[in-house]
Amino acid sequence: MVASEQILTGKQLDLLCINTIRTLAIDAVQKANSGHPGAPMGLAPVTYSLWQQFLRFDPNDPTWPDRDRFVLSNGHASMLLYAMLYLSGVHGVDSEGKPTNDLAISLEEIKRFRQIGSRTPGHPEYGIAAGIETTTGPLGQGVGNSLGMAIAGKWLAARYNRPGFELFSYNTYAMCGDGDMMEGVGCEAASLAGHLKLSNLCWIYDNNRVTLDGPADWSFTEDVGARFAAYGWNVTHVTDANDLNALENAYNNFLKTNDRPTLIVVNSHIGYGSPGKQDTSEAHGEPLGEKETRLAKKNYGWPEDATFLVPDGVLEHFQFGIGKRGPELRQKWVKLFDDYGKKYPELAEELKQMQRRELPNGWDKDLPSFPADAKGMATRDSSGKVLNAIAQNVPWLVGGSADLAGSDRTRLKFEGAGDFQAGSYGGRNLHFGVREHAMGATLNGMAVSKIRPYGGTFFNFSDYMKPAIRLASLMEIPSIFIYTHDSISLGEDGPTHQPVEQLAGLRAMPGLMLLRPADANEVVEAWKVVMPLTHQPAVLVLTRQALPTLDRSKYASAAGVAKGAYVLADAADGKPEVILLGTGSEVSLCISAYEQLTAEGIKARVVSMPSWDIFEKQSDAYKNQVLPPAVKSRVSVEEAATLGWDRYVGPSGKMIGMHSFGASAPAKDVQKKFGFTVEHVVEAAREAIAQSK
């Protein structure tokens, strides 16, 4: 059936395309001598049927807003996606999201699978090539992202659709495997999706009964379909992954289901067609080998010596399928949007700004300003006020909390904010429940859908969200993570809830912006830094306890937050003997120590350092202005691990921080126990001065 001179029937042409997907995956993995050929071999017909018959996707314009989303959550099967992008003729897009004449994935890129600089890395990466909707690989994150995409779709429809103008009706499909089903984040996402009755979400479960170590039943024997039925999903089964009619019926079943998400359980054979490795773990994580490659191709009726073969008629067949249907659907949508813009110009402009990741004019109007107050307020409280002010000006700022909105102050309280719930999808407050893992992944799925998402919990629980934070940084998307209860000063809850090492860990993450503001006005400035971000996630680290609102007529303006660190208080002649560096709640402690040192005739400077990463991006001249190299006497003060502070205090400096976990007691007692007192800071300053002489 490979020979170009043969006249092929429809079924033969389908099989020719499916086997092309399989052999491209086999050859790419074999050439790279690395990869996972088995899943693409088994899932080729499942993906082919979806893309060729059902996916609302235009290869010529792969980022149009109402396209269906396809997520390959089992990202180790990346060659399945790369083959589909190539065979479907998906075009690339430029930095502004406009289609180019180049292919997103060419055959040459497939030949460069897993090589330096290629568009075909081992696991799909968002931003490398159009058609890759999100970065997958860590199992469970992709299905979590798909939940965020489905939530975004429902929210967009609720806000922007009007009678006769159904701008948003897209579906989200996620391909997943046993790993996604076992990982906790996948379980959390499935539970929340069922609760929300997201009828635009379809997961396709590759039930191949094999994991990397061996047979899946070594560790996994549950009835997945029964579990999802209990979650409230519509569950359907396809007993043979090669049965295109059964697959078609399953996809139609999903499209007809309008009251809940759908799980399609597909029984497949990993490494299908390989006589020696089909249904074995050997087909999972390594090349087939030359001998087995030839035998598999023989089983497909393929030329055994051919590599990267795309027979005549295959590309044309895809062009006639998705290549014809997709552009027609998009062109109808473009016409609809043009008409919509004439009738609803303000809403249309909102959508354009959202797609470009722009902020509306006046997004920062009516931001609060906080007067000096010795008693002050917790930075979680000031953040909640700022968040509510901004959200009224940015309609697509949507988010929530992992059952802690009352504690982390992330609830939007203004009139019309509403709650996002089943059947009421226009609300802007999301209730994630006690599902931090899923919350992080969901936020990222919303972000790649161009909504601006935020999510909050206690800082200690950022550990549960670490994979999602990491992927947000890798993808360069502007998810906002809000963390409160940020230090040992939360007191009685004790060391299980007192973060110690989290600041150091997140500071080490490439591409992440972390800010720990010192008072209410630094919070305002921190939000002003965060909101314009377009290609960077941000973490806001906030207190539960009240902090003094500093007198900015006496000390420097909080606008210095924009530079990451700034001189807050200084010696009268600008030539300090010692520099006190702090972040967050410890800055006011530094100020108190500064006042005492000044009264003693010791010239001191206080530097507030809410963001190390922003500070590191400043010019050397500015950094030297804030931290003069000649001043060797320095003291850092932070209720967290001291790891990293040595770069700022130097060899003769002192670091007041945590070298153990905290303790359960009232905050003042905990602070005293671990040395966070004015007396200790003053003593450390004197020692630093003496040591530097």
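What counts, and where the lines are drawn
Residues numbered from 1 in each chain as written. Predicted model: local features only at pLDDT ≥ 70, side-chain atom pairs only at ≥ 80, totals over all residues. Heavy atoms only, no water. Buried < 20%, exposed > 50% of the residue type's maximum accessible area, 1.4 Å probe, protein only. Helix = DSSP H or I, 4+ residues; strand = E, 2+ residues; numbered from the N terminus. Contact = heavy atoms within 4.5 Å. 1 Å grid on protein atoms, 1.4 Å probe; cavity = no way out; pocket = protein on both sides within 12 Å on 5 of 7 lines; lining within 4 Å. Points joined across faces, edges and corners; volume = space filled by probe spheres on them. Nonpolar A, V, L, I, M, F, W, Y, C, P; charged D, E, K, R; others polar. Pairing = 2+ DSSP bridges. Axes fitted to C-alpha atoms, helices over the stretch in contact; angles between N-to-C directions. Expected span 1.5 Å × (residues − 1). Parallel < 35°, antiparallel > 145°, perpendicular 65-115°, else oblique. Left-handed = near helix turned anticlockwise from the far one by under 90°.

Q: Talk me through helix 13 (residues 345–355); I want residue IDs and the actual numbers.
A: All of the buried residues along helix 13 are L347, A348, E350, L351, Q353 and M354. Contact partners of the buried residues in helix 13: helix 5 (141–160) and helix 12 (322–343). One or two residues past the end of helix 13 sits R357, with phi positive at roughly 55 degrees.

Q: Can you lay out empty space enclosed by the protein for me, pointing to particular residues and giving the numbers?
A: Applying the stated criterion to the full structure yields 3 cavities of 30 Å³ or more. The space that makes up the largest cavity amounts to roughly 110 Å³. Broken down by class, the residue content of the lining of the largest cavity amounts to 9 nonpolar, 1 polar and 4 charged. Here the second largest cavity is characterised by a volume of approximately 40 Å³. Lining the second largest cavity are F70, V71, L72, L81, P124, G131, I132, E133, T134 and T136. Among the elements that line the lining of the second largest cavity, the one with the most residues is strand 1 (residues 69–72), at 3 residues. Grouping the constituent residues of the lining of the second largest cavity by class yields 6 nonpolar, 3 polar and 1 charged.

Q: Kindly report on the sheet that holds strand 7 (residues 262–267), identifying the contributing residues and their values.
A: The strand order 1-4-5-7-6 describes an open sheet built from 5 strands, whose pairing is parallel. Looking at the sheet topology across the chains shown, the edges are occupied by strand 1 and strand 6 (234–238). Averaged over all neighbouring strand pairs, the angle between strand axes comes to 15 degrees, with direction disregarded. With 5 bridges joining them, strand 6 and strand 7 adopt parallel strand pairing. Residue pairing in the sheet places H237 in a bridge with V265 of strand 7. Along the sheet face, helix 5 touches strand 1, strand 4 (172–176) and strand 5 (201–207) and points at about 170 degrees away from the line of strand 4. Sheet strands in contact with helix 8 (residues 224–231) are strand 5, strand 6 and strand 7, and its direction is about 160 degrees off that of strand 6.

Q: Break down the layout of surface pockets for me, with residues and values.
A: Here the largest pocket is characterised by a volume of approximately 1,400 Å³. Of all the elements in the fold, those that place two or more residues in the lining of the largest pocket are strand 2 (91–93), strand 3 (99–103), helix 12, helix 13 and helix 17 (462–475). Here the lining of the largest pocket takes 5 residues from helix 12, the largest share from any one element.

Q: Account for helix 1 (residues 10–32), naming residues and giving values.
A: For helix 1, with 23 residues, the first-to-last C-alpha span of 33 Å sits near the 33 Å given by 1.5 Å per residue. N33 occupies a position one or two residues after helix 1 and carries a positive phi of about 60 degrees.

Q: How would you sum up the packing of helix 5 against helix 16 (residues 436–448)? Please name residues and give values.
A: Between helix 5 and helix 16, whose axes approach to 6 Å, the crossing angle comes to 55 degrees. Regarding the angle of helix 5 to helix 16, the classification is oblique. Crossing of helix 5 over helix 16 shows right-handed handedness. Contacts between helix 5 and helix 16 pair Q141, G144, N145, L147, G148, M149 and I151 from the former with A441, T442, N444, G445, M446 and V448 from the latter.

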